[in-house]
Amino acid sequence: MYDCIIVGMGSAGMSAGLYAKRSGMNTLIIDGSAPGGLLNKISIVENYIGVGSISGIDLALKMFEQIRNEEVPYKIETVTSVKNNNDYKIVYTTKGEYKTKTIIFAIGRKPKSSSIPFEEKYKNKGISYCAVCDASLYKNKELVVLGGGNSAFEESLYLSNFASKITIIVKDKISADKELIDDVKSKNINIITGTLVSEFLGDDNITGVRLDNGNIINCSGVFIYYGYIAETSFINNLDITDDGGYILVDNDMKTKIDGIYACGDIIKKNVYQIVTACSDGAIAALSAKKYVTKH
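Remember, it's a predicted structure, so these values are computed and weren't measured experimentally.

(A) Up close: helix 4 (residues 150-159). Three or more residues of helix 4 are buried, namely Ala-152, Phe-153, Glu-155, Ser-156, Leu-157 and Leu-159. On its buried side, helix 4 packs onto helix 3 (131-134), strand 9 (142-146), strand 10 (165-170), helix 5 (178-186), strand 11 (190-193) and strand 15 (221-224).

This is the structure we're talking about:
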């Protein structure tokens with residue numbers, strides 16, 4: 001039986017894993033995909049203290065390298081459900097099951113869909129949610145970016161290294177930082193505000209977007225940055241989330257169930273940043289250690 005199982009290997013999960021292992025707990029991290037979570041989809045990180053400007057992928061690799069150097073055990077498996085047996089918990093995956101005294105959920109969030117007609121039809125056929133993943137497919141092509149926050153503007157700057165023309169379409173007002181807005185304008189990226197996309201257009205692949213005023217913008221690809229959603233349906237039986245799927249925790253990252261904690265972007269909080277995710281992970285691991293010591 002493990003002392004602590006961490007579900008998720010993004011920045012919060014790896015931070016929790018590091019602190020859990022160094023505290024002396026028998027620890028396991030489980031994730032269904034590559035280490036780093038959403039870090040792998042961020043082009044540039046410039047606000048992680050002590051690191052400076054770095055790609056999201058490189059930062060994820062640095063974190064993962066430290067996990068391996070500390071010999072923190074991990075498995076690449078998808079968690080399908082969790083059972084609470086009070087004194088211990090059971091984590092079920094696609095490959096097996098694991099007993100543990102404590103669980104830390106660090107599963108992050110997923111990109112939110114636009115709900116614009118034909119989005120599903122053109123996923124991977126011109127619609128993307130990851131500039132780092134797909135920018136190279138659009139060299140010298142015209143692109144549309146949907147969103148008005150930091151992510152939309154940061155990724156537009158990255159896409160500008162590949163595309164011949166970029167149009168950012170903002171539903172309401174721009175919420176991105178002023179410095180980002182200035183950088184985007186210096187790249188001669190077109191910005192349209194107060195406008196909705198009414199549908200995606202195309203044949204086999206996307207060819208453009210229709211705006212709510214009837215105008216059409218031709219493009220070869222659309223990158224959507226409408227924020228994120230929590231996906232916690234696989235632990236609905238635990239009843240530890242709010243109506244939006246975010247896990248509710250106290251200042252110690254503890255849920256209402258003894259021995260179950262959560263950290264990072266999956267918890268309900270005010271600030272969603274890499275630095276706060278790492279802090280959450282450390283707190284969750286130290287709280288789990290206290291629980292294991294007492295029990």
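Now that the structure has been shown, the text picks up again.
(B) Just the nonpolar core, in detail. Membership of the largest hydrophobic core comes to 54 residues, with the highest contact counts inside it found for Ile-104 and Phe-105. Within the residue set of this core, elements represented by two or more residues are strand 1 (2-7), helix 1 (11-22), strand 2 (27-31), helix 2 (56-69), strand 4 (79-84), strand 6 (97-105), strand 17 (260-262) and helix 6 (274-294). Here this core gets eight residues from one element, more than from any other, and that element is helix 6. In this structure Ile-104 touches Cys-4, Ile-5, Ile-6, Val-7, Ala-16, Tyr-261, Cys-263, Ala-284, Ala-285 and Ala-288, once residues within four positions along its chain are discounted. Tyr-138, Val-170, Ile-181 and Ile-189 belong to the second-largest nonpolar core, a separate cluster that totals 21 residues.

(C) Region of the structure containing the side chain of Asp-3. Along the chain, Asp-3 falls in strand 1. Given the relative accessible area of 14%, Asp-3 is considered buried. What Asp-3 contacts, discounting residues up to four positions off in sequence, is Gly-24, Met-25, Asn-26, Thr-100, Lys-101, Thr-102 and Val-292.

(D) Examining the sheet that holds strand 12 (residues 197-202) more closely. Strands sit in the order 12-13-14 across an open sheet of three strands; the sheet is antiparallel. Two strands lie at the open edges of the sheet, namely strand 12 and strand 14 (216-218), each paired on one side alone. Each strand axis lies, on average, 25 degrees off the axis of its neighbour in the sheet, ignoring direction. Across three bridges, the pairing between strand 13 (residues 206-211) and strand 14 is antiparallel. Bridge pairing in strand 14 places Arg-210 opposite Ile-216.

(E) Summary view of the state of the cysteines. All told, the structure shown has one disulfide when counted by the stated rule. Here Cys-130 engages in a disulfide with Cys-133; their sulfurs sit 2.1 Å apart. What sets the handedness of the Cys-130 and Cys-133 disulfide is the S-S torsion sign, and at about 75 degrees it is right-handed. Since its relative accessible area comes to 4%, Cys-130 is described here as buried. No disulfide involves Cys-219; its sulfur sits 18 Å from the nearest other cysteine sulfur, which is in Cys-130.

(F) Quick peek at the layout of surface pockets. Each pocket or cavity is described by its volume, and for the second largest pocket that value is around 240 Å³. Looking at the second largest pocket, the residues that line it are Ser-11, Met-14, Ser-15, Leu-18, Tyr-19, Tyr-48, Leu-59, Lys-62, Met-63, Gln-66, Ile-67 and Cys-278. Of all elements in the fold, only helix 1 and helix 2 reach the threshold of two or more residues within the lining of the second largest pocket. Of the residues that constitute the lining of the second largest pocket, the class distribution is eight nonpolar, three polar and one charged.

(G) Highlighting the packing of helix 4 against helix 5. Packing of helix 4 against helix 5 leaves a shortest axis separation of 10 Å and a crossing angle of 35 degrees. Read as a crossing pair, helix 4 and helix 5 show a hand that is left-handed. Residues Asn-150, Phe-153, Glu-154 and Leu-157 of helix 4 touch helix 5, and the partners they reach there are Leu-180, Ile-181, Asp-183 and Val-184. Grouping the constituent residues of the contact of helix 4 with helix 5 by class yields five nonpolar, one polar and two charged.

(H) Broad picture of the packing of aromatic side chains. Evaluated as defined, the whole model comprises five aromatic pairs. The interplanar angle of 75 degrees and the centroid separation of 5.1 Å between the aromatic rings of Phe-64 and Tyr-74 together place this pair among those described as edge-to-face. Highlighted residues: Phe-64 in helix 2 and Tyr-74 in strand 3 (residues 74-76), separated in sequence by 10 residues. Tyr-74 sits in the partly exposed class, given a relative accessible area of 34%. An angle of 75 degrees between the planes, with centres 6.4 Å apart, marks the rings of Phe-105 and Phe-234 as edge-to-face. Here Phe-105, found in strand 6, pairs with Phe-234, found in the loop between strand 16 (228-229) and strand 17; they are 129 residues apart in sequence, far enough to count as distant. Here Phe-105 falls in the buried class, since its relative accessible area comes to 0%. The ring of Phe-118 has Lys-121 lying over it, and the distance from NZ or CZ to the ring centre is 5.8 Å. Over the aromatic face of Tyr-246 sits the side chain of Lys-268, whose NZ or CZ is 5.5 Å from the ring centroid.

(I) Region of the structure containing the sheet that holds strand 15. The five strands lie next to each other as 8-15-9-10-11, forming an open sheet whose pairing is parallel. Strands at the two margins of the open sheet, each flanked by one partner only, are strand 8 (127-128) and strand 11. Pairing between strand 8 and strand 15: two bridges, direction parallel. Along strand 15, the bridge assignment pairs Ser-128 with Phe-223.

Reading the values: rules and limits
Residues numbered from 1 in each chain as written. Predicted model: local features only at pLDDT ≥ 70, side-chain atom pairs only at ≥ 80, totals over all residues. Heavy atoms only, no water. Buried < 20%, exposed > 50% of the residue type's maximum accessible area, 1.4 Å probe, protein only. Helix = DSSP H or I, 4+ residues; strand = E, 2+ residues; numbered from the N terminus. Contact = heavy atoms within 4.5 Å. Core = buried A, V, L, I, M, F, W, Y, C linked by side-chain atoms within 4.5 Å. Pairing = 2+ DSSP bridges. Axes fitted to C-alpha atoms, helices over the stretch in contact; angles between N-to-C directions. Disulfide = S-S within 2.5 Å. 1 Å grid on protein atoms, 1.4 Å probe; cavity = no way out; pocket = protein on both sides within 12 Å on 5 of 7 lines; lining within 4 Å. Points joined across faces, edges and corners; volume = space filled by probe spheres on them. Nonpolar A, V, L, I, M, F, W, Y, C, P; charged D, E, K, R; others polar. Left-handed = near helix turned anticlockwise from the far one by under 90°. Phe/Tyr/Trp six-rings, centres within 6.5 Å; stacked < 30°, edge-to-face > 60°. Lys NZ or Arg CZ within 6 Å of the ring centre and 35° of its normal.

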